Amino acid sequence: MNKFTAFAALVLCLIAAPCASAQESVTLLNNGWKFAYGNAASMEADFTHGTEYFTYIAKAQTSGHSHSPIMKEFDDSGWQDVSLPHDWVVDLPYSGEASHSHGYKCVGWKYPGNSIGWYRKHLFVPAGDKGMQLGIEFEGIYRDSEVFCNGFLLGHERSGYTSRVYDLSPYLVYGGDNVITVRCSAMLEEGWYYEGGGIYRNVRLHRTGAVGMKPYSLKINQKEEDGKPYVDKSCISMDYIFRSAAVSPEPVSCELAILDAEGNGTEMADHPWSIEDPYLYTLNIRLSYDGKPSAMYNVKFGVRTATFDSKEGFLLNGRPVKLKGCNLHLDHAGVGTGVPDELWRYRILRLKEFGFNAIRSSHNCASPAMLDLCDELGMLVIDENREFGINDWQMSQLAAMIARDRNHPSVVMWSVGNEEWALEWSVDGTEIARIMSDYANALDSSRPATYGNSGGRELVKGVDVFGYNYIVQNPVDEYHEAFPGHCAVGTEETSGAGTRGHYTTVPEKGWMAPLNRADTAGRVNVIEHGWKFYKARPWAAGLFYWTGQDYRGEPNPMKWPATGSQFGILDYCCFPKDEAFYLKSVWTGEPMVHICGPCNGEVWVYSNCDEVALYADGRRLSRQRMPEDGHLVWKVTGRENAMFTARGYRNGKPAASDSYPNIPEETSWSLSRESMKADGQDVVVVDIFSPEECLEVIVENAELLGWGNGDPGFKEKERPAAGDGNRLLVKPFSGCAQIIVRSREGSSGDAVVHIGARSFKIHLI
């Protein structure tokens, strides 16, 4: 029996502390940035960057020769004011000549004037901070980024997905203004899906005294007693960073305290973290140097065991659990890849509503904000590496992901790669995967490694858990018979979804009929086929549908004018498609029934009731018994335009109902929350339901961050430009649209949102 046990995990939750020498201050640095487009075709047009006699490579701070935005004296008063996270590509136009895989947005090598982004942040540092350690953390910049402080180069990161922390201390002006500058390029596509451009994840300022904890060095080595996991102070290890080489490590002292979920001190953490009960402890770390407080951290963590077994599949805390997962890209309507933290919460909760318990981050390492929320909300994660290969840079990317994310209880597996077609036809893929897997195991022995096989002639076997992208492409049973010592997981499986609310392919609009309703290779309802396959095999850990949510780009098998993929079980705004209700019927217990509209002369119904009766214009067609994990079909040829009603029964009593079509009679809306913090970061998601073709939306005392409607042929302006008066025209699609409202830092009272002739308030706190 081949078992691989994943041990305890932490959420690296850096808590802002008062600016006193006794504590570390970790401050979110997302507000108050300036942005401008550069130019990849002309160094002169790119603000003359790199044209100076002594470049920033040749001499530190170019010896003052540069006049580009890296220099403190550069005038950025005409630049655009932005708050992070920010994706500049959202604001670019569409073109049928642009990259198909990136959603036909005018970015990349064909558009050098749109593909370089410059950011500047003015930062005052008190004179009293002289002698402190200050650093800046970027969770993600897309891509090929260079970071400067007052003209000095801090570092360069090629990948758009790797987090970096840079030391600021030697280059700062204490008691005065400082300028952080970032230049990044989206000329080269790192993936084959929409990736946006810019500083699209959070930025933080780190501040410590003479000694601090080295970023991403904290580890907890969970222990077990009688098969039960626990964490005490002896489990914790970390590396230190010092103000200078002259600082000796001998006077360092470290005080640790473990707090339970109520904030009470405890010597041992042993309440298990689980999907149903995502219990988190807090680890308080206080570092002192020579008797003086130097740094303080509060870190959330959870205790749990996660085992992948070749006979029993996936076990969480010793209990078999099927992974009911989806693949998820980074972007969302209205914001692209620049997803605020609270929008991540909205997305995860929508998935949980339909029974999902797991996410595979495709095809790059997960957002730290997403992982924090998965820890909090009880969602399991496969964290996926972007670069498949074993050169030094590729291995450093794998190491960076593991170091940053190994302490999240939600992360149960590392994925070293996905569908490397050039390597799946020989043993080379297996050998590379084995080296990467062994390296991952050496860095973190608590989680197994996997890889998403696309179905090449040579199975990529050099991983701990075999991953299969689609059972129609991989002989999964045959491989299990040949390699019975390995657990398996469906890293990708067909959702069968198409355009929400439409059952006919319309190429000129970019709409696609659902594959579930077609006879695909002799099968219908392929989403059902995938679930039944993995459910029936105890040795399989579960499956991850492609995809949980629509994403911009890669609109296969469609092409222009389609701009987004349609295989999401939820659309680009997280409005559910029919396929979401199939999963809700088999993965949740609350009584439900859902009608899938007429297609090919049939009406389908998904339900978890015992029986369902279908009515057309009030006339009962029949009452049928619901098959386990299945669906019901009624022939309705000649009645396609009827009003259909379905009634579900449990134990002979009415339990749930649905109707189709279900276009709202008047405009209404629902809010993700009734209030938001006035910190310039918090957001409220407003889902709009309306029969109108177009609605004017105006937001007062807050920012209309963006909008969408789930149309895979969407080409509208997504957010207001300067001079638009914080207003947009919003066009519902199949009766639905969505706006995202973000607070303004320091605002008070209420934000007011006007939708058509009606309005509502969001309280600012």
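Residues numbered from 1 in each chain as written. Predicted model: local features only at pLDDT ≥ 70, side-chain atom pairs only at ≥ 80, totals over all residues. Heavy atoms only, no water.

### Focus: the overall build of the chain
- Along its length, the chain carries 7 helices and 49 strands.
- Radius of gyration (C-alpha) of the chain: 27 Å, near the 27 Å computed for a compact globule of 765 residues.
- By its C-alpha atoms, the chain is 85 × 65 × 55 Å across when sized along the principal axes.
- The 765 residues of the chain split such that 62% are buried.
- The long-range share in the chain, meaning contacts at least 24 apart out of those at least 6 apart in sequence, stands at 69%. (Helix = DSSP H or I, 4+ residues; strand = E, 2+ residues; numbered from the N terminus. Rg over C-alpha atoms; globule rule 2.2 N^0.38 Å. Buried < 20%, exposed > 50% of the residue type's maximum accessible area, 1.4 Å probe, protein only. Contact = heavy atoms within 4.5 Å.)

### Observations regarding empty space enclosed by the protein
- This model, assessed by the stated rule, comprises 8 cavities of 30 Å³ or more.
- There is about 130 Å³ of room inside the largest cavity.
- As for the largest cavity, its lining consists of 15 residues, of which Thr-563, Tyr-572, Asp-711, Pro-712 and Phe-714 are closest to the centre.
- For the lining of the largest cavity, a count of residues per class yields 6 nonpolar, 6 polar and 3 charged.
- Empty space within the second largest cavity amounts to approximately 70 Å³.
- Considering the residues around the second largest cavity, the lining is formed by Pro-85, Glu-139, Tyr-200, Arg-201, Asn-202, Leu-330, Thr-337, Val-339, Asp-341, Trp-344, Ser-367 and Ala-369.
- When its residues are assigned to classes, the lining of the second largest cavity shows 6 nonpolar, 3 polar and 3 charged. (1 Å grid on protein atoms, 1.4 Å probe; cavity = no way out; pocket = protein on both sides within 12 Å on 5 of 7 lines; lining within 4 Å. Points joined across faces, edges and corners; volume = space filled by probe spheres on them. Nonpolar A, V, L, I, M, F, W, Y, C, P; charged D, E, K, R; others polar.)

### Some words on the confidence of the model for the chain
- When pLDDT is averaged across the chain, the result is 94; 96% of the residues are at 70 or more.
- Ignoring residues within four places in sequence, the model shows residues 1–22, a span with pLDDT below 50, making 100 contacts including any to other chains. (pLDDT = per-residue confidence, 0-100.)

### Some thoughts on the environment of Leu-515
- One can find Leu-515 in the loop between strand 32 (488–494) and helix 6 (526–535).
- Here the alpha-carbon distance between Leu-515 and Asn-525, two residues 10 residues apart in the chain, equals 7.7 Å.

### Quick notes on the side chain of Ser-607
- Here Ser-607 lies in strand 35 (residues 602–607).
- Of note is the side chain of Ser-607, whose polar atom sits 2.7 Å from the backbone oxygen of Met-592.
- A polar contact of 2.9 Å, which involves the side chain of Ser-607, links it to the backbone nitrogen of Cys-609.
- Filtering out sequence-adjacent residues up to four positions away, Ser-607 remains in contact with Ser-585, Met-592, Val-593, Val-612 and Met-626. (Polar contact = N/O pair within 3.5 Å; in protein donor to acceptor, adjacent residues only side chain to side chain.)

### Quick look at the pairing of strand 7 (residues 133–138)
- Of all 6 residues in strand 7, 6 are buried, a share of seventy percent or more.
- Residues Gln-133, Gly-135 and Glu-137 line one face of strand 7 and the alternating positions Leu-134, Ile-136 and Phe-138 line the opposite face, and both faces are buried.
- In this structure, strand 7 lies alongside strand 12 (residues 203–208), joined through 6 bridges in antiparallel fashion. Bridge pairing in strand 12 places Leu-134 opposite Arg-207. (Pairing = 2+ DSSP bridges.)

### Observations regarding the sheet that holds strand 3 (residues 25–28)
- Spatial strand order, 3-12-7-10: 4 strands in an open sheet with antiparallel pairing. On the outer flanks of this sheet lie strand 3 and strand 10 (164–167), each paired with one strand and no other. Taken pair by pair, the neighbouring strands of this sheet meet at an average axis angle of 20 degrees, ignoring direction. (Axes fitted to C-alpha atoms, helices over the stretch in contact; angles between N-to-C directions.)

### Topic: the packing of aromatic side chains
- Using the criterion set out here, one finds 34 aromatic pairs in the structure.
- Each ring, one from Trp-707 and one from Phe-714, has its centre 5.1 Å from the other, and the planes form 70 degrees; the classification is edge-to-face. Just as Trp-707 is buried, Phe-714 falls in that class too.
- An aromatic cluster of at least three residues, connected via ring pairs, comprises Phe-35, Tyr-37, Trp-88 and Tyr-119.
- Cation over ring: Arg-158 sits above Trp-393, and NZ or CZ is 4.5 Å from the ring centre.
- A cation over an aromatic ring shows up here: Arg-647 above the ring of Tyr-615, its NZ or CZ 4.5 Å from the ring centre. (Phe/Tyr/Trp six-rings, centres within 6.5 Å; stacked < 30°, edge-to-face > 60°. Lys NZ or Arg CZ within 6 Å of the ring centre and 35° of its normal.)

### Examining the pattern of salt bridges
- Taken as a whole and judged by the stated rule, the model has 33 salt bridges.
- Ionic pairing is found between Glu-492 and Arg-360, a salt bridge with its closest N-O pair at 3.1 Å. A residue pair is termed long-range when its members are at least 10 positions apart, and Glu-492 in strand 32 and Arg-360 in strand 27 (residues 358–361) qualify at 132 residues.
- Overall, the relative accessible area of 0% leaves Arg-360 in the buried class.
- The partner of Lys-731 in a salt bridge is Glu-716, and the shortest N-O contact between them spans 3.4 Å. Pair noted here: Lys-731 is in the loop between strand 46 (727–730) and strand 47 (736–742) and Glu-716 is in the loop between strand 45 (703–708) and strand 46, with a separation of 15 residues, a long-range link.
- Several salt bridges converge on common partners, so that one network encompasses Glu-342, Arg-345, Glu-376, Arg-673 and Asp-682. (Salt bridge = Lys/Arg side-chain N within 4 Å of Asp/Glu carboxyl O.)

### Some details on the side chain of Ser-367
- Mapped onto the secondary structure, Ser-367 falls in the loop between strand 27 and helix 2 (368–377).
- If we ignore the near neighbours within four places in the chain, the residues touching Ser-367 are Arg-201 and Trp-344.

### What about unusual backbone geometry?
- Of note, the amide linkage connecting Leu-84 to Pro-85 takes the cis form, showing an omega dihedral of -5 degrees.
- Relative to the assigned elements, Pro-85 resides in the loop between strand 5 (80–82) and strand 6 (116–125).
- Cis peptide bonds are those with omega within 30 degrees of zero, and the linkage from Ser-362 to His-363 qualifies with -10 degrees.
- With respect to the helices and strands, the residue His-363 is situated in the loop between strand 27 and helix 2.
- With a phi close to 65 degrees, Thr-48 is a non-glycine residue in the positive phi region.
- Relative to the helices and strands, Thr-48 resides in the loop between strand 4 (33–37) and strand 5.
- We classify Thr-48 as partly exposed; its relative accessible area is 28%.

### A short note on the sheet that holds strand 48 (residues 750–755)
- Here we have 5 strands laid out as an open sheet, ordered 42-49-48-44-46, and mixed in their pairing. The open sheet has two edge strands with one neighbour each: strand 42 (675–676) and strand 46.
- Strand direction decides the pairing type here: strand 44 (residues 695–700) and strand 46, joined by 4 bridges, are antiparallel. Its bridge partner lying in strand 46, Leu-695 is registered against Val-730.

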